[in-house]
Amino acid sequence: MELEIDPLDLDMTLGCGQTFRWRRSEDGSWSGPLGKRLVTLKSDGDTLAISARPSGEGVAEAVARHLRADDDIDRIQRTLSKDSVLGQGVRRLRGLRIVKMDEWECLVSFALATYANIPRISRMIDSLATEYGRRIAPGTHEFPDQARLSKASARDLRRLGLGYRADYVKGICDGLDAGGLDRMTRMDLARLREELKTLPGVGDKVADCVSLFGFGRLEAFPIDVWMERALKRLYGQEGTYRRLREFAAERFGPFAGYAQEYMYMNERGLASGQACAFSAQR
DNA sequence: GCCCAGGAGTGTG
DNA sequence: CACACTCATGGG
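Cut-offs used in this document
Counting restarts for each chain: residues are numbered from 1 in the order of the written sequence. Numbering of ligands from 1 and lettering of chains from A proceed in the order in which they are written. Totals for whole chains, interfaces and linings use all residues, but because this is a predicted model, local features are given only for residues with pLDDT of at least 70 and pairs of side-chain atoms are given and counted only at 80 or more. For the side-chain quantities, the full set of heavy atoms in the structure was used; hydrogens and water were omitted. Definition of nearness: a residue and a molecule or strand are near each other if at least one heavy atom of the residue lies within 4 Å of the molecule or strand. The term polar contact refers here to a pair of N or O atoms within 3.5 Å; inside protein, the definition further demands a hydrogen-donor-capable atom paired with an acceptor-capable atom, and it admits residues adjacent in sequence only when both atoms are side-chain atoms. Polarity classes work like this: nonpolar for Ala, Val, Leu, Ile, Met, Phe, Trp, Tyr, Cys and Pro, charged for Asp, Glu, Lys and Arg, and polar for all others, with Gly in that last group. Comment: elements are numbered from the N terminus, with helices defined as DSSP H or I runs of at least four residues and strands as E runs of at least two. Accessibility here uses a 1.4 Å probe with only protein chains present; expressed as a share of the type maximum, an area under 20% marks a residue as buried, one over 50% as exposed, and anything in between as partly exposed. Contacts were defined at the residue level, with two residues in contact if any of their heavy atoms lie within 4.5 Å. Pairing between strands requires that DSSP locate at least two bridges from one strand to the other. In this analysis, axes come from line fits to C-alpha atoms, helices being fitted only over the stretch in contact, and the angle between any two N-to-C directions falls in the range 0 to 180 degrees.

Draft legend 1. Region of interest: the protein's contact with DNA strand C. Lining the immediate surroundings of DNA strand C are Tyr-115, Asn-117, Arg-120, Arg-123, Arg-158, Gly-163, Tyr-164, Arg-165, Thr-240 and Arg-242. Here, DNA strand C places atoms within 4 Å of the protein, and 69% of those atoms are sugar or phosphate. Arg-123 places a side-chain nitrogen or oxygen 2.9 Å from a sugar or linking oxygen of DNA strand C. Its residues assigned to classes, the surface near DNA strand C comprises 2 nonpolar, 3 polar and 5 charged.

See below:
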């Protein structure tokens, strides 16, 4: 089956550390678990070819939701390109889309992401899925829901190589009551962040990642070590998390999340083309 | 061996 | 508030 999502660059969108379970094949297609299916995506011009195992209803809709097909990228780019630093540099990243993950999977994934690199985060999540998630296709397991993951003790989780993050995952399973995440979907960003931060392993940065990639709050602006570098290099901004977040909110407004992802890609040099598309403010 | 990684928690000034 | 220290572990 096919879907029209334009613009879309799968390499940028699925390979940049927003989400951790998609894998790229030699032919440029991407495969990963989405819901209870193993989905494979391949871009062909302006259309996206989709296959799924097992096949079934609603796959295209799930893909469209995951890739935020309804985001008006041109409008977002026009808005952000008014920024004197981002300017026309954002065009090169036009195909990068913010992903919409399942809230639970996103929460646990980014609690695991503390002080680890992306390949290792992927491995930890795969280990969790293999050990506690339902098998949905050969070699692929669903991300375990809260009930299934709650069966794991902190020691079990440490044996999977999670390190001290094992206590975070255990604490989240124990500390999040049923319906907790559902209630959070109706909160404004400030309250959502505070609510998420009551959970172990969730501080400022993880709360912002979960708000952005899990709850779809495009105004959230996660700041990791790469973003600290970018903000200092491009805008001369440094200081506490709070100070930097307030700077970003003021400067980028409702699409701060996209601005963040553009700057993150740019800082890491993960986009094709020249290393730096943005010009530092002087 | 050394340095770093999509940081958080805790204690101290 | 802001800072300093600790927390495990794999990869370059």
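The structure having been displayed, the exposition proceeds.
Draft legend 2. Highlighting the environment of Met-263. Inspection of the secondary structure assignment puts Met-263 in helix H14 (residues 256-268). By relative accessible area, which is 0% here, Met-263 ends up buried. In the structure, Met-263 is positioned 219 residues away from Asp-44 in sequence and 27 Å away in space, judged by C-alpha atoms. Aside from chain neighbours lying at most four places away, what touches Met-263 is Leu-86, Phe-221, Met-227, Ala-230, Leu-231, Leu-234, Tyr-235, Phe-252 and Phe-278.

Draft legend 3. A look at the pairing of strand E3 (residues 30-34). Burial analysis of E3 places 4 of its 5 residues in the buried class, which makes it a mostly covered element. As judged from the 2 bridges shared by strand E2 (residues 23-24) and E3, these two strands associate in the antiparallel manner. Of the residues in E3, the one forming a bridge with Arg-23 is Ser-31. Taking the residues that link successive antiparallel strands as the turn, the E2-E3 hairpin has 5 residues, and the phi of Gly-28 there is positive, at about 90°. Examined bridge by bridge, E3 and strand E4 (residues 37-44) share 5 bridges and lie antiparallel to one another. Across the sheet, residue Pro-33 finds its bridge partner in E4, namely Leu-38.

Draft legend 4. Broad picture of the sheet that holds E4. Read across the sheet, 5 strands follow the order E1-E5-E4-E3-E2 without closing on themselves; strand pairing throughout is antiparallel. Only two strands of the sheet have a single neighbouring strand rather than two, namely strand E1 (2-4) and E2. Sheet strands in contact with helix H2 (residues 59-66) are E1, E3, E4 and strand E5 (47-53), and its direction is about 120° off that of E5.

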